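Survey of secondary and tertiary structure
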Amino acid sequence: QVQLVESGGGLVQTGGSLRLSCAASGRTFSSYAMGWFRQAPGKEREFVASINWSGGLTDYADSEKGRFTISRDNAQNTVYLQMNSLKPEDTAVYYCAAGRSYRYTLSNAYAHWGQGTQVTVSS
């Protein structure tokens, strides 16, 4: 009952910033926890950040904590990922996903996925 479309990816230099957006369709958006995941070539998809249905609770992978910020605007049906101090190892396709709880960090805990947006950080 929810469809997700990511945008905002691109090419940025080391130390730069990007803001990713995930636009959702469906009237049940506000009932979902949302997560951001990423997948680099030859790597498994990994957890980046998550946020609960109201936006008051968040979780981050250790490698992103202090650099990335997840937020949501339920009135606009949109989830954001603000990425600062980017590093080459952040290069990946970034996906947003909708699930049952922000406390889950495994991909299989999220039922709905977007198509992804490419983030490339040059060195």
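Going by the structure above, here's the rest.
Calculation criteria
Residues numbered from 1 in each chain as written. Predicted model: local features only at pLDDT ≥ 70, side-chain atom pairs only at ≥ 80, totals over all residues. Heavy atoms only, no water. Phe/Tyr/Trp six-rings, centres within 6.5 Å; stacked < 30°, edge-to-face > 60°. Helix = DSSP H or I, 4+ residues; strand = E, 2+ residues; numbered from the N terminus. Buried < 20%, exposed > 50% of the residue type's maximum accessible area, 1.4 Å probe, protein only. Lys NZ or Arg CZ within 6 Å of the ring centre and 35° of its normal. Core = buried A, V, L, I, M, F, W, Y, C linked by side-chain atoms within 4.5 Å. Contact = heavy atoms within 4.5 Å. Pairing = 2+ DSSP bridges. Polar contact = N/O pair within 3.5 Å; in protein donor to acceptor, adjacent residues only side chain to side chain.

**Notes on the packing of aromatic side chains**
A complete count under the given rule lists five aromatic pairs for this structure. Each ring, one from F37 and one from F47, has its centre 5.7 Å from the other, and the planes form 75°; the classification is edge-to-face. Placement of F37 in strand β4 (residues 33-39) and of F47 in strand β5 (residues 46-51) is noted, with a sequence separation of 10 residues between them. Each ring, one from Y95 and one from W113, has its centre 6.5 Å from the other, and the planes form 75°; the classification is edge-to-face. Of this pair, Y95 sits in strand β9 (residues 92-99) while W113 sits in strand β10 (residues 110-113), and the two are 18 residues apart along the sequence. Residue W113 is classed as partly exposed on the basis of its relative accessible area of 25%. Through pairs of rings, three or more aromatic residues link up here, namely F37, F47, Y95, Y110 and W113. Just above the ring of Y95 sits the side chain of R45; from NZ or CZ to the centre is 3.8 Å. One Lys or Arg, R72, reaches over the ring of F29 and ends 4.7 Å from the middle of that ring.

**Notes on the nonpolar core**
Side chains that are nonpolar tend, in soluble globular proteins, to be buried together. Counting residues in hydrophobic clusters, the biggest one holds 27 residues, and the most contacted among them are L4, M34, W36, I70, L81, M83 and Y94. Contributing elements (two or more residues each) for this core: β3 (18-25), β4, β5, β7 (68-73), β8 (78-83), β9 and β11 (117-122). Leave out the neighbours within four places in its chain, and I70 touches M34, W36, A49, S50, I51, T58, Y60, V79, Y80 and L81. Listed in part, the five residues of the second largest apolar core include F47, A61, A97 and Y110.

**A look at the pairing of strand β1 (residues 3-7)**
Only one face of β1 is buried: it carries L4 and E6, and the other face, with Q3, V5 and S7, is open. Across five bridges, β1 lies against β3 in antiparallel orientation. Its bridge partner being in β3, L4 is matched across the sheet by A24.

**Topic: the side chain of E6**
For E6, the location among the structural elements is in strand β1. Among the polar contacts made by the side chain of E6, one reaches the main-chain amide nitrogen of Q115 at a distance of 3.0 Å. Among the polar contacts made by the side chain of E6, one reaches the main-chain amide nitrogen of G116 at a distance of 2.8 Å. Filtering out sequence-adjacent residues up to four positions away, E6 remains in contact with S21, C22, W36, Y94, Y95, C96, G114, Q115, G116 and T117.

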